[in-house]
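Below, each chain spelled out in residue letters.
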Amino acid sequence: MFKRLTIIFFLGFYAILCSAQQVRPSKSAEIYRELKTLKHLPKVLYLAAHPDDENTGLLSWLINEQNVETAYLSLTRGDGGQNLIGTEQGAALGLIRTHELLEARKLDGAQQFFTRAIDFGFSKNTNDTFKQWDADSITADVVWAIRKFRPDVIICRFPPTAAAGHGQHAASAVVAEKAFKLAGDKTAFPNQLNYVDVWQPKRLLWNTFRFGSVNTTAENQFKVTVGQYDAQLGMGYGELAGLSRSLHKSQGAGTQSVAGIRTEYFTHVFGEQAKTGLFDGLFKTWTAKGNGNIDSSLDKIISAFNFNNPETSLPALLVLRKEFMALKNANLKKDKIAALDKIILSCAGFMGEVVTNQAEAVAGDNYNFRLNLISRATNPVVLEKVKWLDQSENLNRKLSGDSLITIEHKIQIPDDAALTEPYWLAKPAKNAATFSVANDTLIGLPEAESLLNVLLTLKIGAEMFQVKLPLSFKKLDPVRGDVVEALRIVPALELKFTQPLYLVKENEDLRLSLNLKVNSNKQYNNGQLNLLYNGQRLGGADRVSVTAKDVTIDYIIPKAKLSEINSNRLQLDADYVVDGKTYNKKQVLIQYPHLPSLQYFAPATAILMKGEILAKVKKVGYIEGAGDFIPDFLRIAGIQVDVLKDEDFYGHADESGANGGGNKLSQYDAIVLGVRANNTEKKLGRWMPFLWTYVKAGGNLVMQYNTNQDATVNKLGMYDFSIANKRVTEENAELKFLKPGHKLLNFPNKITAEDFKGWVQERGAYFPDKWDSAYEALFEMHDTDEEPLQGSTLYAKYGKGNFIYTPLAFFRQLPAGNVGAARLFLNFLSAQQN
């Protein structure tokens, strides 16, 4: 670890984390808080396992009331969670949750760090967790974060015991204590010391909690009062915390903004015990550290701060900058100058951006950019020099009078510019539980700083400042107004299959389509298109020319070729070779209103599911829940899928506006409820009686898993059952067939133990633990050393029809191309056809 040197290290943690597409002045209240934070020297690191694990109420209080630099270290990016807003899973969901955390941090003011750990899904204890995670590498990442950020106090959200409620939660406490003890040891991870110094925090605490029926707080624990009202925010810290936590939209983590004070509880874990306050025994102020002149300067600046005219603080701030420059502690000087420079630019009312009309760019191509600059200060800010990517220009131009200056310039994107994608996804993961990072000094960062920047040299008073402006895309959105995002570098040519999955029966040819998208202004002639399996060519074409921007090519892989492959699931790869270059990447673009546009690149692959995957249904109604892939899978399988809406239950109005007839549910061979439909579809309460009538008349209703959180309907089945937090997290857990002769296990596909091989992440979650005797349980399964569970699939006959409740994780298995899971799910849909 830590074998490569990069210039990013010299920029400093703070500067990188504060990077944005524009440099904009902070509001006066924010500047005032930043000034008060300059006075306080302690730092706090809050540590837990996942996005949304952090105590946002405590973070908000630490930053806004105590005015101390605070960061949240989430060991994972939440890749193994569930997604309530779309179909993204795995790495794509982790990318969404990373940026939801960054949006939350913009509100509460904390910084954000991560390790390389991958969230592989729910685990029940630390033993399970460390079978997946490499404890040493995760500990090294936490030590690196401690040495970089240099916190004085570390606070864990969870204990290392079963009270944590999740194996990864408990593991975060285990790793925190190990890292706390090692961060100050020069023999631990010595390669890191090429870049950072050892650092020993003062104390490690556990922030105890009351979650539901689990209460770990006690009156004899160390306590602080939080949640106070802040007039500059116009709300209490508990209210701010609710807004911050509610930005975890993919997790349905909307949280009440609760006014009023409350108590936070802590127990001592390691280090020097706190007696009267979190910061006992620390240098809290500059005076305590022997720099009383800085305290005196800051006191005067703060007391004289003019909220209506922050510019009046500039002369004193520039003098303070000279005092900071004289500090002997290099780390402290770097941190405080970065924070002070941000304040100075804000007080000068400086805004800068470098924008183009293009959202995407290709390395080597030229684009027109606009450099927009403005300063609102009466005493002018001077633009001394502009360094475009490959050339410099001396200007000596004054920015004053609140007047916008625009400089147009054509910029060529460097030929070696890297694709825009998260640094932790640029290389294949080391394994299912650890990301692979090409540049070790990036570890810990939420995202890498852009390497495509215009560098400004500004003069304010007699002081010189360097400001980086990343190349950006700007557009006017008719709903959102101005949208400014990172310029995204994309390949000159992208390649992808037109669908992610293909199903082919034995002794059939495979028909598929490939799409080639050209992003550059070039044409590509006489290239070779290859379809590959395990590096061997299954098919393709020679002398393929791509002269249009978007081309789709159809291919057939003969059954003779497929019959040579002894597997029912195979990954097909594609590439296009032309002019000595190989193109084999597809763009994954993620866009939601609450986030910037996100992208990463994946190999151009598709999953082929081969064999007897039979279905006896032709038309299915689907009630959408949290995003899942199952409707797409069913369409790929040749089944018509209609997403059901209100009018499907109540009938259609005729031209006069009167009801044109009854509901149309009877036309469906089966109706499926998407995952967590009872949590997300608020109309389900009035739809359920129609669904029961549909089943009673001979319909087939398949319901996937739900939770008890924010449930729309209390009674989901025709007969009672209760959902519990019971799950089988071992994806290869053995299972027992309780009714091997049952029709759901024999028609149209014969289900055997082979169909439960190759599952991913888990068997299922939120199994019922109690049910009416009218139900038949089909399977028994359990994790290692745990009691058997029989709630993974419940079947009941109701009237002439069938009702199936199954919390098995089909929403994970079908996108992964698991043939056995597909056969079983299609059996469930075909229950009424037998």
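Residues numbered from 1 in each chain as written. Predicted model: local features only at pLDDT ≥ 70, side-chain atom pairs only at ≥ 80, totals over all residues. Heavy atoms only, no water.

## Some remarks on the overall build of the protein
Turning to step 1, where the next piece is worked out: The helix and strand inventory of the protein stands at 19 helices and 43 strands.
Turning to step 2, where the next piece is worked out: Taking 834 residues into account, the globule formula puts the C-alpha radius of gyration at 28 Å, and the protein, at 30 Å, falls close to it.
Turning to step 3, where the next piece is worked out: Overall size of the protein, expressed as C-alpha extent along the three principal axes, is 85 × 75 × 70 Å.
Turning to step 4, where the next piece is worked out: When the 834 residues of the protein are sorted by exposure, 56% land in the buried category.
Turning to step 5, where the next piece is worked out: Long-range pairs, those at least 24 residues apart, make up 73% of the contacts in the protein with a sequence separation of at least 6. (Helix = DSSP H or I, 4+ residues; strand = E, 2+ residues; numbered from the N terminus. Rg over C-alpha atoms; globule rule 2.2 N^0.38 Å. Buried < 20%, exposed > 50% of the residue type's maximum accessible area, 1.4 Å probe, protein only. Contact = heavy atoms within 4.5 Å.)

## Points about a negative patch on the surface
Turning to step 1, where the next piece is worked out: Negative charge collects at one region of the surface, where Glu506, Glu508, Asp509 and Glu612 lie side by side.
Turning to step 2, where the next piece is worked out: With respect to the secondary-structure elements, Asp509 resides in the loop between β23 (501–504) and β24 (510–518). (Patch = residues over 30% accessible without salt bridge, like charges linked within 9 Å, V, L, I, M, F, W, Y side chains within 5 Å. Areas by Shrake-Rupley, 256 points an atom, 1.4 Å probe, with all protein chains shown as cover. Salt bridge = Lys/Arg side-chain N within 4 Å of Asp/Glu carboxyl O. Lys, Arg positive; Asp, Glu negative; His and termini not counted. Charge placed at Lys NZ, Arg CZ, Asp CG, Glu CD.)

## Thoughts on the pattern of salt bridges
A side chain of one charge can pair with a side chain of the opposite charge if their charged atoms are brought near each other.
Turning to step 1, where the next piece is worked out: By the definition in use, this model includes 38 salt bridges.
Turning to step 2, where the next piece is worked out: Of the charged contacts in the structure, one is a salt bridge between Glu177 and Lys181, with a shortest N-O distance of 3.1 Å. Pair noted here: Glu177 and Lys181 are both in helix α8 (residues 167–182), with a separation of four residues, about one helical turn.
Turning to step 3, where the next piece is worked out: Note that Lys322 is salt-bridged to Glu463, the shortest N-O span being 2.8 Å. Of this pair, Lys322 sits in helix α11 (residues 314–325) while Glu463 sits in strand β19 (residues 463–477); the two residues are 141 residues apart in sequence, bridging distant segments of the chain.
Turning to step 4, where the next piece is worked out: Residue Glu463 is classed as buried on the basis of its relative accessible area, which comes to 10%.
Turning to step 5, where the next piece is worked out: Put simply, Arg321, Lys322, Asp341 and Glu463 are held in one network by salt bridges that share partners.

## Let's talk about the sheet that holds strand β1 (residues 43–48)
Turning to step 1, where the next piece is worked out: On the basis of which strands lie adjacent, the open sheet formed by seven strands has the order β3-β2-β1-β4-β5-β11-β8 and mixed pairing. At either margin of the open sheet sits one strand with a lone partner, and together these are β3 (111–114) and β8 (222–226). The sheet shows a mean angle of 30 degrees between the axes of neighbouring strands, taken without regard to direction.
Turning to step 2, where the next piece is worked out: Across four bridges, the pairing between β1 and strand β4 (residues 153–156) is parallel. (Pairing = 2+ DSSP bridges. Axes fitted to C-alpha atoms, helices over the stretch in contact; angles between N-to-C directions.)

## A short note on the packing of helix α7 (residues 135–149) against α8
Turning to step 1, where the next piece is worked out: Relative orientation of the contacting elements α7 and α8 amounts to 55 degrees, with a least axis distance of 9 Å. It follows that α7 is oblique to α8 by the angle criterion. Crossing geometry of α7 relative to α8 is assigned as right-handed. Judged by residue contacts, Ala135, Ile138, Thr139, Val142, Val143, Ile146 and Arg147 of α7 engage Val175, Lys178, Ala179, Phe180 and Leu182 from α8. (Parallel < 35°, antiparallel > 145°, perpendicular 65-115°, else oblique. Left-handed = near helix turned anticlockwise from the far one by under 90°.)

## Side note on helix α5 (residues 90–108)
Turning to step 1, where the next piece is worked out: Counted at 1.5 Å a residue, the expected span for α5 with its 19 residues is 27 Å, and the 27 Å between its end C-alpha atoms agrees.
Turning to step 2, where the next piece is worked out: Burial of α5 is extensive: 15 of the 19 residues sit out of reach of the surface. (Expected span 1.5 Å × (residues − 1).)

## Here's the deal with the nonpolar core
Turning to step 1, where the next piece is worked out: One finds Leu456 and Tyr576 to be the most contacted residues of the largest nonpolar core, which totals 93 residues.
Turning to step 2, where the next piece is worked out: In terms of residues, this core owes the most to one element, helix α12 (residues 330–347), which gives eight residues. (Core = buried A, V, L, I, M, F, W, Y, C linked by side-chain atoms within 4.5 Å.)

## Comments concerning the confidence of the model for the protein
Turning to step 1, where the next piece is worked out: The predicted model of the protein has a mean per-residue pLDDT of 93, with 96% of residues at 70 or higher.
Turning to step 2, where the next piece is worked out: Long-range and interchain partners of residues 3–19, a stretch whose pLDDT sits below 50, account for 40 contacts in this model, where long-range means more than four residues apart.
Turning to step 3, where the next piece is worked out: Scored below 50 in pLDDT, residues 653–660 shows nine contacts in the model against residues more than four places distant or in partner chains. (pLDDT = per-residue confidence, 0-100.)

## Here we look at the side chain of Lys39
Turning to step 1, where the next piece is worked out: Here Lys39 lies in helix α3 (residues 28–39).
Turning to step 2, where the next piece is worked out: Judged by its relative accessible area of 14%, Lys39 is buried.
Turning to step 3, where the next piece is worked out: Separated by 2.9 Å, the side chains of Lys39 and Asp299 make a polar contact.
Turning to step 4, where the next piece is worked out: Excluding anything up to four places from it in sequence, Lys39 contacts Lys284, Thr285, Trp286, Asp295, Leu298, Asp299 and Ile302. (Polar contact = N/O pair within 3.5 Å; in protein donor to acceptor, adjacent residues only side chain to side chain.)

## Describing the environment of Leu745
Turning to step 1, where the next piece is worked out: Considering the arrangement of structural elements, one finds Leu745 in the loop between β38 (735–737) and β39 (764–771).
Turning to step 2, where the next piece is worked out: By relative accessible area, which is 0% here, Leu745 ends up buried.
Turning to step 3, where the next piece is worked out: Residues within four places of Leu745 in sequence aside, it is in contact with Phe737, Lys739, Pro740, Lys750, Ile751, Leu778, Phe779, Leu824 and Asn827.

## A short note on the sheet that holds strand β42 (residues 794–798)
Turning to step 1, where the next piece is worked out: Taken in spatial order, the seven strands make up an open sheet running β34-β33-β35-β36-β43-β42-β40, and their pairing is mixed. On the outer flanks of this sheet lie β34 (640–643) and β40 (776–777), each paired with one strand and no other.
Turning to step 2, where the next piece is worked out: Packed onto the sheet, helix α19 (residues 819–829) meets β33 (619–623), β35 (670–673), β36 (700–704) and β43 (801–806) and runs at close to 140 degrees relative to β36.

## Quick word on α3
Turning to step 1, where the next piece is worked out: In this model α3 runs 17 Å from its N-terminal to its C-terminal C-alpha over 12 residues, within 8% of the 16 Å that 1.5 Å per residue would give.
Turning to step 2, where the next piece is worked out: The buried count for α3 comes to nine of 12 residues, which makes it a mostly enclosed element.
Turning to step 3, where the next piece is worked out: For α3, the set of buried residues is Ser28, Ile31, Tyr32, Arg33, Glu34, Leu35, Thr37, Leu38 and Lys39.
Turning to step 4, where the next piece is worked out: On its buried face, α3 is in contact with α4 (56–64), β2 (69–74), α10 (292–303), α11 and α12.

## Some points on the packing of aromatic side chains
Ring pairs (aromatic) are described by centroid distance and by the angle formed between their planes.
Turning to step 1, where the next piece is worked out: Counted under the stated rule, the structure contains 34 aromatic pairs.
Turning to step 2, where the next piece is worked out: Judged by centre distance (5.2 Å) and plane angle (90 degrees), the rings of Tyr650 and Phe690 are edge-to-face. Residue Tyr650 is found in helix α15 (residues 646–650), and its partner Phe690 is found in helix α17 (residues 684–696); the two are separated by 40 residues along the sequence.
Turning to step 3, where the next piece is worked out: Cation over ring: Arg77 sits above Trp424, and NZ or CZ is 3.4 Å from the ring centre.
Turning to step 4, where the next piece is worked out: Here Arg727 stacks its cationic end above the ring of Phe122, 4.0 Å away from the centre of that ring. (Phe/Tyr/Trp six-rings, centres within 6.5 Å; stacked < 30°, edge-to-face > 60°. Lys NZ or Arg CZ within 6 Å of the ring centre and 35° of its normal.)

## With respect to the side chain of Thr56
Turning to step 1, where the next piece is worked out: In this structure, Thr56 sits in helix α4.
Turning to step 2, where the next piece is worked out: Excluding residues that lie within four positions of it along the chain, Thr56 makes contacts with Arg105, Asp108, Ala241, Ser244 and Arg245.

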